[in-house]
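A closer look at the structure
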Amino acid sequence: MARAGRNRSARSPVLLVGSGSYFANTFSWQVLLAPANSVYSLENPQSSLATLSADTDGEYLIQLTVDNSRALPHNTTFTLTLDSTLTLDSTLNKHGSHLNFADDIVPLLQTTLYNQRTCQSCHYSESDIEAIPVYYDSGNLNVYQDVRARVDFNDPDNSILIRKPTRLQHGGGVRLDLASELGRSVYSVFMDWIAHGAPCGNDGAICVLP
Ligand code: HEC
């Protein structure tokens, strides 16, 4: 069964993540629709991780088809919106393989406003909201380990870090709203960071060994 994540917004180039597919021996990525006159290319289109590079902003309809010797091929599509003007702190100017927790993910958890709230505004050590399961503030010396424990390396879209704030089944409601460009772009950054192994970076205060 093909799984490639949900609609996202990003800057080119973008990593396409099919590793969460089930019963898949072969992978094939295709661009079904692209903006007029766009010149684009797919790197590793027959692999679970492919990269799309394009010179034109706009919507790209991406399809992933997976197959194995016993089942019928299965495919899934999602819309990737390329927007070269996206800025999100430092993050979206980086290629996904350079994303790290300390520089790029921490600001998204501590300072970025999602419908007027930061993640940290509820997820902080001194919060009086009952039963907050994870703290994102700098007072939590294990913040990196705590976030890493909530990612699914094989299937980034299944990470609880992503599943919770994109759904109503979250004590804080829908915060990463995939109907908004901010939500889709933060989602894309999380997907990219996890697919690249969720590295911590070099910040001595945050990237301490447990
Ligand atoms: C308005 C308060 C509020 C905000 C803002 C908020 N959350 Fe939450 N979050 C909660 C509460 C309450 C829970 C515990 C209940 C639950 O699991 O749904 C929770 C649970 C979670 C969990 C589950 C952790 C676990 O191990 O069970 C994750 C992950 C999470 N939130 C991520 C986020 C992210 C990422 C953001 C910012 C995009 C965010 N939250 C913003 C209130 C909030």
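Just so you know, these numbers come straight off a predicted model, no measurement behind them.

Some remarks on the pairing of strand S7 (residues 74–82)
The sheet contact formed by strand S1 (residues 8–10) and S7 spans three bridges and is parallel. What sits directly across from Arg8, in S7, is Leu80. For strand S6 (residues 58–67) and S7, the ladder comprises nine bridges, and the chain directions are antiparallel. Each residue of the ladder has a partner; that of Gly58, found in S7, is Leu82. Two successive antiparallel strands, S6 and S7, enclose a turn made up of six residues.

Observations regarding the confidence of the model for the protein
Of the residues in the protein, 97% reach a pLDDT of 70 or more, and the chain-wide mean stands at 92. The secondary-structure element of the protein with the lowest mean pLDDT is helix H4 (residues 181–195), recorded at 93, while strand S4 (residues 40–43) shows the highest, at 98.

Description of the environment of Ala54
As for its position among the elements, Ala54 is in strand S5 (residues 49–54). Sequence separation between Ala54 and Asn142 is 88 residues; the distance between their C-alpha atoms is 38 Å. Once you skip the residues sitting within four places of it in the chain, Ala54 turns out to touch Ser12, Ser38, Tyr40, Tyr60 and Leu82.

Reading the values: rules and limits
- Residues numbered from 1 in each chain as written.
- Predicted model: local features only at pLDDT ≥ 70, side-chain atom pairs only at ≥ 80, totals over all residues.
- Pairing = 2+ DSSP bridges.
- Helix = DSSP H or I, 4+ residues; strand = E, 2+ residues; numbered from the N terminus.
- pLDDT = per-residue confidence, 0-100.
- Contact = placed C-beta atoms within 7 Å.

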